[in-house]
Amino acid sequence: MSNQAISFTQLAAIQTTLVSINNNVKVAHKEIGVLQQNQDNFENELARLYAEFSDFVANDTRHKALQLAETRVGNFRQELQIRFGYYADVRKMATGILQGADTGIVSDTSLQLTTEEVMIKAPGYWLAPALIVIAGWLRNDTAVTEKALAEAIRRNDYKTTLFFMLIMRRLDRREASLKWLERYFLHQSPHALNREFIVILEGITLGIFSPASRQLMDNYIKEWMAALTNGDQFVEEQKRQWRLFFLAMSGRHHPAYPLLEKHADNWSLLREGEQNAASYELLQTHFAEIFKSSDHYSSVAEQLDILLNKLVTEFDDEELPLREQLRLNECIIEEDGNVAVARVKADAEKNIFQEQVDFLQLLTNAAFNPELAGVNRATQALAVATSQSWITEEFDTFVAINRQSVPLEINLSIDGFKCQTRGGENEQELLVTQELYYDNLRASRLRALDFPYMEIITAIVVAGGGIWALVNHQPLVCCILSIVAVLICWNSIDSHGKKKKKIVEDIAGQRQKASEVLRGCLAEATHYRHNYAQKDEHATGLRNFLTSLQASEYAGSSRDTSRTILTN
Amino acid sequence: MKVIEEEFGTAGLQSLPLAIIAKCYLGAPYEVHTLDLGAQMIIHHYKRSEPLPTYIEKARSLALHHAYSIVEVYTDQLIVINDDGSAIKL
């Protein structure tokens, strides 16, 4: 061990180095602070840019989807016109011939020539021979009439049968109309009805059938309903579709609670809950609208013409694939380019485009989209009223699932402080708990702050050097070392004090900010519960409305009788 | 036992509800209570902050809703009874 004395110059150098290190550390601390600030700013800016970019991409995607859908709608309509345009001319002739025959101003020859030309120009189309039947019948040409009738039935038995049932009713030949109707029902199975069966429902709501025909239909329909609702299979399928329909009505409302969105851990459940609850009002309006409006037609002949027109125009199966595509793109336009929502909506209506459906499905189709199903509002109302038991059941389930999924407690997480509230009612309690949290945080941070023992030891060593210098009669060195020791000691204690003060100030700032955020969150929680309860109340209103529906109130009474005879 | 038999007929033990829960009208701090299988006797009142047994907790928010009178908790489903007596299977 060498006894090397520390010279005055060396001590001075040590002191200079220590001061320099101290200054460097201060500068480094300052720079780290600036860097931290820059990083925070950068992260905030990046988050803002990301949000803007996401919005831009979403808007751009929607805009492009909308443009594409508009173009496609045009293309599909054009294709329908090109491929089936000629059918439209033939269709117009059906009611045209009848109205011509009503007035008696169209000659038999003209009718014969025109209908025969149609037969040549529309090969395979069932309506062409059906028109020849009418023309042949009007001029009493039995041979041609029978041949044409056989051909029309061969091409499409059910449509031809319905067509002549309606024509016989229009001509007020009730017996013949009833026979055609009996023939039609004999061939129908409630498990596989053709789409045109909807015309029968339409006729019921319009009250155009004679009492005998109406009785026949009522009997069949009651029997079918009993058969189909006996097991769960068919009703469950309808319920599934109504669930999709209810879901398609959700997701249009965007709850705005910025603080809860940022600080509630279970925000996604809360948002979904309010979105679903918002659909109750939409559904209530939707159903109320169905039962509010009714179409009005002046005479039975006019109503029958409308039905005939529907039968010949809206139920040709070969057009269905194109019409389905067209509908999807129309949904995209209706939903302003939101493809996901449009697809859910189109999926809910998908069964409308099936060639054969069961009777319950037919009711659902009429209830979902009367225009596509080819019915008026009154028939839609009848379909909803007939289906009300499973619509109500499914709506009850939809509402109960939603009520169950909305969290009772809102879990908040603010700057590391975690707490729960239902609707902001425990504000005082939470503010006190938050105060305690920050008190504990401050205490733990202060505990974690190291006391500058090393600097104090250094100061003691330097002071020891000063005593050694005094013993060796070097007062100047002693004086300098004492000053250095005091400086080191004072500097380190001062720095420690400043750090403590900074921690206290930082925590106070955090506490102030977090307290404001907590109050904001609790205010939003109160609004959320209030808004949710208001929206949820519509579910009760809609349920009461649905359970009050009676199918018999919406089936129009026959125009042929003005009184009801009660029999025991 | 007689009440249970009247209520649930010949149902086996497996198909009986694990619990029946309803809103408690005693007021704060109580919010729900469990009932016996005849839904006539209250078994236990639960306070707002008091957790229900895990398998019943999922029925708490439904039991609290004013639209429902009771909620039956089964191993694989919940049956919610409306005020008008109709049932909803979940």
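Since the model is a prediction, treat every value here as computed from it, not as a measurement. (Residues numbered from 1 in each chain as written. Chains lettered and ligands numbered in written order. Predicted model: local features only at pLDDT ≥ 70, side-chain atom pairs only at ≥ 80, totals over all residues. Heavy atoms only, no water.)

Enquirer: Is there a simple way to think about the confidence of the model for chain B in this case?
Expert: Do not read the predicted coordinates in detail wherever pLDDT is low. Across chain B, pLDDT averages 81, with 84% of residues at or above 70. When the elements of chain B are averaged for pLDDT, helix α1 (residues 2–8) of chain B gives the smallest value, 63, and strand β4 (residues 68–73) of chain B the largest, 89. (pLDDT = per-residue confidence, 0-100. Helix = DSSP H or I, 4+ residues; strand = E, 2+ residues; numbered from the N terminus.)

Enquirer: Is there a simple way to think about the interface of chain A and chain B in this case?
Expert: Often the size quoted for an interface is simply the accessible area lost on bringing the parts together. Counting from both sides, the interface comprises 13 residues of chain A and, opposite them, 18 residues of chain B. Of the roughly 1200 Å² buried at the junction of chain A and chain B (both faces included), carbon and sulfur atoms supply 50%. Ranking the residues of chain A by area buried against chain B places A:R403, A:Q404 and A:R422 at the top, with a combined share of 42%. There are three salt bridges connecting chain A and chain B. The tally of links between chain A and chain B comes to eight residue pairs in polar contact (both at pLDDT 80 or more). Looking at the side of chain A that touches chain B, the element that brings in the most residues is helix α18 (residues 388–405) of chain A, giving seven residues. Counted by class, the side of chain A that touches chain B contains four nonpolar, two polar and seven charged residues. (Contact = heavy atoms within 4.5 Å. Buried area = accessible area lost by both parts, 1.4 Å probe. Salt bridge = Lys/Arg side-chain N within 4 Å of Asp/Glu carboxyl O. Polar contact = N/O pair within 3.5 Å; in protein donor to acceptor, adjacent residues only side chain to side chain. Nonpolar A, V, L, I, M, F, W, Y, C, P; charged D, E, K, R; others polar.)

Enquirer: In this structure, what is going on with the nonpolar core? I would like to understand it.
Expert: The nonpolar side chains of soluble globular proteins are, as a tendency, buried together. Residues and elements named next belong to chain A. Of all hydrophobic cores here, the largest spans 138 residues; its most connected members are F163, I200, F287 and F359. If one sorts the elements of this core by residue count, helix α21 (residues 475–547) sits on top with 13 residues. Excluding its chain neighbours within four sequence positions, the residues that come into contact with F359 are P190, L193, F197, L201, I221, W224, M225 and L228. (Core = buried A, V, L, I, M, F, W, Y, C linked by side-chain atoms within 4.5 Å. Buried < 20%, exposed > 50% of the residue type's maximum accessible area, 1.4 Å probe, protein only.)

Enquirer: Got a minute to help me understand the environment of A:A143 in this structure?
Expert: Residue and element names in this part refer to chain A. Within the secondary structure, A143 sits in helix α4 (residues 142–155). Residue classification places A143 among the partly exposed positions, given a relative accessible area of 48%. The spatial distance from the C-alpha of A143 to the C-alpha of V133 is 9.9 Å, given a sequence separation of ten residues.

Enquirer: Teacher, can you tell me more about the packing of aromatic side chains here?
Expert: Describing an aromatic ring pair means giving the distance of the ring centres and the angle of the ring planes. All names here are of chain A. Going through the model one piece at a time under the given rule, you end up with 23 aromatic pairs over all chains. Geometrically, the ring pair formed by Y158 and Y184 is edge-to-face, given 6.1 Å between the ring centres and 90° between the ring planes. On the criterion of sequence distance, the pair formed by Y158 in helix α5 (residues 157–170) and Y184 in helix α6 (residues 174–186) is long-range, its members being 26 residues apart. Since its relative accessible area comes to 1%, Y184 is described here as buried. Pairwise contacts between aromatic rings join W242, F245, F246, Y280, F287, F395 and F398 into one cluster. (Phe/Tyr/Trp six-rings, centres within 6.5 Å; stacked < 30°, edge-to-face > 60°.)

Enquirer: Honestly, the side chain of B:H33 in this entry has me stumped. Any pointers?
Expert: Residue and element names in this part refer to chain B. Examined against the element boundaries, H33 turns out to sit in strand β2 (residues 30–35). A residue is classified by how much of its surface remains accessible, and H33, at 10% relative accessible area, is buried. Setting aside residues up to four positions removed in sequence, H33 forms contacts with I20, I21, A22, K23, C24, I42, H44, H45 and Y46.

Enquirer: Looking at this model, I keep getting lost on the packing of helix α19 (residues 427–448) of chain A against α21(A). Mind explaining?
Expert: Angle between the axes and distance between the axes are the two parameters that describe a pair of packed helices. Residue and element names in this part refer to chain A. Taken N-terminus to C-terminus, the directions of α19 and α21 make an angle of 160°; their axes are 10 Å apart at the nearest point. Taken together, the axes of α19 and α21 lie roughly antiparallel to each other. Read as a crossing pair, α19 and α21 show a hand that is right-handed. On the side of α19, the interface is formed by E427, L430, L431, Q434, E435, Y438, D439, L441, R442, R445 and L446, while α21 contributes K500, I503, V504, I507, Q510, R511, A514, S515, L518, R519 and L522. (Axes fitted to C-alpha atoms, helices over the stretch in contact; angles between N-to-C directions. Parallel < 35°, antiparallel > 145°, perpendicular 65-115°, else oblique. Left-handed = near helix turned anticlockwise from the far one by under 90°.)

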